[in-house]
Amino acid sequence: MNRQNYHSNEANQYYMSVSQFKSAMKCEASFVAELKGEFIRPSSTALIVGSYTHAAFESEQVFTQFCEKHHDSIFKSRGGKYADFEQAERMIETLKNDRFAMFALEGEKEVIFTGELFGVPWKIKVDSIHHDRKSFSDLKTTQSLYKRYWSEKYNKYVSFVEAYDYVLQMAIYREIIYQNTGQYYDPYLVVVTKETPPDKEILEFEIPDFDFEFEYVKIMLPSIIEAKSSRKEPVRCEKCEYCRMTKQLTKTIKVGYLLE
Ligand SMILES: [Zn+2]
């Protein structure tokens with residue numbers, strides 16, 4: 001597998017990935033429909049802004065190519081960039097002006113590994129990996145470092161790190177890297193916020209916390225794999241974009257069910 005076919009349909013069919021797992025946890029039906037090409041999630045500005053920020057730290061060449069490809073999304077016809085990209089620019093500058101953040105982002109960029117977890121093949125793409133330091137890092141943008149999110153998974157208020165399953169992501173990445181190198185690498189998140197001016201932090205993890213994430217994946221994965229391989233009807237969440245688009249009413253529901 002390479003960068004060209006990493007996101008291809010064939011690769012997504014064969015391999016499990018953290019983003020597939022997260023998407024299936026939100027809604028199996030939407031996940032399967034997307035995998036089959038029956039549902040295309042509209043590409044959001046937030047997604048392009050995220051890729052723009054990543055490209056800026058990958059290489060001069062990648063960034064230039066990205067800006068050319070997405071020229072009309074980034075640049076206004078009368079000159080200057082759209083507000084979201086002006087903000088991304090401030091976030092990029094914030095990290096570039098911080099020596100420790102730049103140190104943490106050093107290493108090989110966008111490196112692909114494959115491995116096996118819980119009986120199925122997985123693929124990962126690491127933002128930045130440093131073999132001499134035995135560390136890897138992922139660049140994340142978020143609204144605020146201190147925002148609280150209610151989590152059904154953890155059954156408590158959590159930070160954006162748990163809310164977006166970044167602990168789970170780091171646990172799986174660390175394991176797949178181990179399968180490829182024979183060494184456990186230290187994971188870090190380099191975070192920059194969308195605030196004005198942007199805040200930033202480099203986060204490290206408590207490795208014992210990863211056990212809970214592996215347990216969680218182990219419990220949830222079989223149903224996802226069955227749905228993915230069409231061995232069962234995928235579960236509909238009845239709330240997401242895909243479910244709302246394909247919803248057919250067959251019965252009435254009681255008022256009290258709405259908030260359950
Ligand atoms: Zn749904």
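As a reminder, the structure under discussion sits directly above these lines.
Residues numbered from 1 in each chain as written. Predicted model: local features only at pLDDT ≥ 70, side-chain atom pairs only at ≥ 80, totals over all residues. Heavy atoms only, no water.

Q: Looking at this structure, I do not really get the pairing of strand E1 (residues 108-117). What am I missing?
A: Every other side chain in a regular strand lies on the same face of the sheet, so the side chains alternate between the two faces. By the bridge criterion, nine bridges tie E1 to strand E2 (residues 120-130) in an arrangement that is antiparallel. Looking at E2, one finds that Leu117 is bridged to Val120. Hairpin geometry of E1 and E2 is characterised by an intervening segment of two residues between the two adjacent antiparallel strands and by a positive phi of about 55 degrees at Phe118. (Pairing = 2+ DSSP bridges. Helix = DSSP H or I, 4+ residues; strand = E, 2+ residues; numbered from the N terminus.)

Q: Please clarify how the sheet that holds strand E3 (residues 135-142) should be interpreted in this entry.
A: The strands making up a sheet are joined through hydrogen bonds of the backbone, oriented either antiparallel or parallel. Spatially, E1-E2-E3-E6-E7 is the arrangement adopted by the five strands of the open sheet, whose pairing is mixed. Every other strand in the sheet has two partners, leaving E1 and strand E7 (200-204) as the edge strands with one partner each. The mean angle between the axes of side-by-side strands here comes to 40 degrees, regardless of whether they run parallel or antiparallel. Bridge count between E2 and E3: three bridges; the pairing is antiparallel. Note that in E3 the partner of Ser128 across the bridge is Ser137. Running over the sheet, helix H10 (residues 166-181) touches E1, E2, E3 and strand E6 (186-193) and is turned about 80 degrees from E1. (Axes fitted to C-alpha atoms, helices over the stretch in contact; angles between N-to-C directions. Contact = heavy atoms within 4.5 Å.)

Q: Sorry if this is basic, but what is going on with the coordination of the zinc ion here?
A: By definition of the ideal shapes, four donors in a tetrahedron about a metal sit 109.5 degrees apart, and six donors in an octahedron sit 90 or 180 degrees apart. Looking at the metal site, the zinc ion is ligated by Cys27 (SG), Cys237 (SG), Cys240 (SG) and Cys243 (SG), spaced 2.3 to 2.4 Å from it. Each donor residue of the zinc ion lies on one chain, and together they are spaced C-x209-C-x2-C-x2-C. The class for Cys237 is partly exposed, based on a relative accessible area of 26%. (Donors = N, O, S within 2.8 Å, 3.2 Å for Na, K, Ca; no water. Buried < 20%, exposed > 50% of the residue type's maximum accessible area, 1.4 Å probe, protein only.)

Q: What exactly am I supposed to notice about empty space enclosed by the protein here?
A: Rolled over the atoms, a probe with the dimensions of a water molecule shows which regions are left empty. Scanning the entire structure with this criterion turns up one cavity of 30 Å³ or more. Empty space within the largest cavity amounts to approximately 70 Å³. Considering the residues around the largest cavity, the lining is formed by His54, Phe57, Glu58, Leu105, Lys109, Glu110, Asp127, Ser128 and Leu139. Those elements that place two or more of their residues in the lining of the largest cavity are helix H4 (45-58), E1 and E2. Among the elements that make up the lining of the largest cavity, the one with the highest residue count is H4 (three residues). Of the residues contributing to the lining of the largest cavity, the split by class is three nonpolar, two polar and four charged. (1 Å grid on protein atoms, 1.4 Å probe; cavity = no way out; pocket = protein on both sides within 12 Å on 5 of 7 lines; lining within 4 Å. Points joined across faces, edges and corners; volume = space filled by probe spheres on them. Nonpolar A, V, L, I, M, F, W, Y, C, P; charged D, E, K, R; others polar.)

Q: In this structure, what is going on with a negative patch on the surface? I would like to understand it.
A: Where like charges cluster on the molecular surface, the negative patch consists of Asp186, Glu204, Glu206, Asp209, Asp211 and Glu215. Structurally, the position occupied by Asp209 is in the loop between E7 and helix H11 (210-228). The exposure class of Asp209 is partly exposed, given its relative accessible area of 42%. (Patch = residues over 30% accessible without salt bridge, like charges linked within 9 Å, V, L, I, M, F, W, Y side chains within 5 Å. Areas by Shrake-Rupley, 256 points an atom, 1.4 Å probe, with all protein chains shown as cover. Salt bridge = Lys/Arg side-chain N within 4 Å of Asp/Glu carboxyl O. Lys, Arg positive; Asp, Glu negative; His and termini not counted. Charge placed at Lys NZ, Arg CZ, Asp CG, Glu CD.)

Q: Honestly, the pairing of E3 in this entry has me stumped. Any pointers?
A: Counting buried residues in E3 gives seven out of eight residues, a clear majority hidden from the surface. Here E2 folds back onto E3, and the loop between the two strands holds four residues, one of which, Lys134, carries a positive phi near 50 degrees.

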